Each structure stands twice: as structure tokens, then as C-alpha cells.
Amino acid sequence: MGAINYTWLQQYGRITTEPGDEPVWEIHMTELRQPEKARELLDVYNKHLQADSIRSAAVYFMHSVRGLMLGIHYMTALCDTWLDLSLENMKLQLEVQDGRTAFRFQLLDGTEHPHPAPVLIDAAQSSWRKDILTTYYTEQLRPLIEGVASAGEANLGQMWSQLASMLRWYKTTALQMNIEEAEREAVMEGYEHVIALPASLLGLKKNLLSFKPVEIDNPHQPGETMLMKPVCCLHHQVYGGQNYCYSCPKLSKAERQKRYDDILAAKSG
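This text gives an overview of the structure that appears in the document.

Cut-offs applied
Residues numbered from 1 in each chain as written. Predicted model: local features only at pLDDT ≥ 70, side-chain atom pairs only at ≥ 80, totals over all residues. Heavy atoms only, no water. Helix = DSSP H or I, 4+ residues; strand = E, 2+ residues; numbered from the N terminus. Rg over C-alpha atoms; globule rule 2.2 N^0.38 Å. Buried < 20%, exposed > 50% of the residue type's maximum accessible area, 1.4 Å probe, protein only. Contact = heavy atoms within 4.5 Å. Areas by Shrake-Rupley, 256 points an atom, 1.4 Å probe, with all protein chains shown as cover. Lys, Arg positive; Asp, Glu negative; His and termini not counted. Charge placed at Lys NZ, Arg CZ, Asp CG, Glu CD. Disulfide = S-S within 2.5 Å. Pairing = 2+ DSSP bridges. Salt bridge = Lys/Arg side-chain N within 4 Å of Asp/Glu carboxyl O. Phe/Tyr/Trp six-rings, centres within 6.5 Å; stacked < 30°, edge-to-face > 60°. Lys NZ or Arg CZ within 6 Å of the ring centre and 35° of its normal.

Details of the overall build of the protein chain
Within the protein chain, the regular secondary structure consists of nine helices and eight strands. Taking 18 Å as the expected radius of gyration for a compact globule of 269 residues, we find that the protein chain reaches 19 Å, a close match to that expectation. The buried share of the protein chain, taken over its 269 residues, is 47%. The contacts of the protein chain with a sequence gap of at least 6 include a subset with a gap of at least 24, amounting to 67%. Accessible surface computed for the protein chain: about 13,400 Å², of which carbon and sulfur atoms make up 49%. Looking at charge distribution, the protein chain has the averaged site of its 26 positive side-chain charges lying 9 Å from that of its 33 negative ones.

Focus on the state of the cysteines
Applying the stated rule across the entire model yields zero disulfides. Looking at the unpaired Cys-233, the closest cysteine sulfur is the one in Cys-245, lying at 3.7 Å. On the accessibility criterion, Cys-233 (6% relative accessible area) is buried.

Brief notes about the pairing of strand S5 (residues 100–107)
The element S5 is extensively covered by neighbouring structure, given that six of its eight residues are classed as buried. By the bridge criterion, eight bridges tie strand S4 (residues 90–97) to S5 in an arrangement that is antiparallel. Of the residues in S5, the one forming a bridge with Leu-94 is Phe-103. Turn length for the S4-S5 hairpin, with the two strands adjacent in sequence and antiparallel, is two residues, and the turn residue Asp-98 shows positive phi of about 55°.

Topic: the pattern of salt bridges
Applying the stated rule across the entire model yields ten salt bridges. Note that Glu-95 and Arg-104 form a salt bridge whose closest N and O atoms lie 3.0 Å from each other. Just as Glu-95 is buried, Arg-104 falls in that class too. One salt-bridge network, held together by shared partners, links Arg-14, Glu-95 and Arg-104.

Comments concerning the packing of aromatic side chains
A full pass over the atoms with the stated rule returns nine aromatic pairs. Judged by centre distance (5.2 Å) and plane angle (85°), the ring pair of Phe-61 and Phe-103 falls under edge-to-face. Of this pair, Phe-61 sits in the loop between helix H3 (54–60) and helix H4 (62–78) while Phe-103 is found in strand S5, placing the two residues 42 residues apart along the sequence. The class of Phe-61 is buried, set by a relative accessible area of 1%. Using a relative accessible area of 2% as the deciding quantity, one classes Phe-103 as buried. The ring of Phe-211 has Arg-168 lying over it, and the distance from NZ or CZ to the ring centre is 5.9 Å.

Let's talk about the sheet that holds S4
Consider a sheet: its strands pair through backbone hydrogen bonds, and that pairing is either parallel or antiparallel. Strand order in the open sheet made by the four strands is S1-S5-S4-S2, with mixed pairing throughout. The open sheet has two edge strands, strand S1 (15–16) and strand S2 (25–28), and neither has a second partner. Where S1 and S5 come together, two bridges link them in parallel fashion. Bridge pairing links Ile-15 to Phe-105 in S5.

And the structure:
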């Protein structure tokens, strides 16, 4: 394990200890557990996102929430210390650049804390890493997601499903990094633990973080494959309407092939 890479946290999690330069709106994260406050977020967000409905804005907000998920997995598996990513310790800031929205999670207290010292216990008990992840998913992510879902009248399952492919991406990417074997085991332990969490802990009937991967041809790296998303991210319903993602499960085989050919043609000039 090593020091926290703040550049990594900023790039992939949008987590920072510094405020944004010119946020157009901000709120303390704990307030988003309240549907009426979460509705304020969605109203402001959608003025810039231009989604087809507040419900779509709520689901699309999960593109940002996944940054918190990446942060907690990264720090518990690959770092010697951890930052407090609780809702109580964060402000959410909305930034708009070139007409596009981006959220920033600003930590109010950026103190680094040591991880609990590993203790040898019987195998039936959870490790400290599993305990931290369970607590974060159930006491931080769940109330946040439920508050925003309620405000946007969005399907809770669709909200949680947005995290699944990014969680798997993190696992795959981290395992390809130049890390020690113990760190690889830590990455896998965290991943396997959360995809096996009882669905009831997430407020669901089924744990949607676990899904059957479907490989499709990768037009960006011909000859290789990539994962199809397990659920639509609603990319086609924002900024006044756009194309479906190439990896969207809603595309038919023929539609995906056409998109594949179009992407290759564009790359070749």
C-alpha cells in the first residue's frame, strides 16, 4: 500500500480538499438525504444538463456518485491511510464548463487517518476492509441514493445499477496496475465483498452491483473486446438528446454494428 494519490482521486472520483473556482451551486451532502433538498439539486442540475425529465437527471447524477464509490475502494485497498468520505464531511459543488456539468466533492476536513491495524481473527468474521465497505455502502451511499431517487421519482434499482460497470472497471484497472500481490488481493476482496452484499442492505430485492458480463467488439481498439454496460446510462436523454452509447444494452446487434463501422470510419479520417 502507498500514499494517497490526490491526482487520482480528483481525476476519477472528483474528490478534492479544495473548493472549485466558480461553482454555480453547492450544498452540504447530508442535505441530499432529504428528498426536498435533493429536488433542489435536481432542479438546478437539470437547467444545465437539459435532461428530458427530472427522473433522468436523478439517474444521470449517479455518474458522479460513482466517484465516491471509487474513492472508498481505492483508499481501503491501495492506500496506507484514508480520508473521511462521509456525507457529513463533504460539500457538493456544481461546476459548468463549456456548457457541460461536473460535480466536485469537496472534503471539509482533509485529515488522513491510518487504517485499523489488521487483527488475526477466525475466518467467519469480516476483515476491517469489509466492515468499512459495508458501512459506507449502507450508511453513506444508500441514504444519498434513496434521497435523490425519491426526489426524482426514479427507480432505485436503475440508480444502483449505474455503479455496477464502474465498479467492475475499477477492479479490472486496479489489477492491471503495478501493485503488490497483497494489494491485488485487497482489490479483489473489496470487489467480491460488495457484489455479494445482501440486497436488503442496499434497499433492493437483488444486489445489482453483480451482473453477468457481456463482451462486445471494441471499435477503439480493433481486435479487442470491451464490456457492454449492464444498464442504460441515459446518455441519449441529456443535453437535448444524443446518440446511445456504443456499449448500451438497448442497441440491437445491427445498430451496434453500424455504430462500430461509423466509429472506425471516423478514426480513419
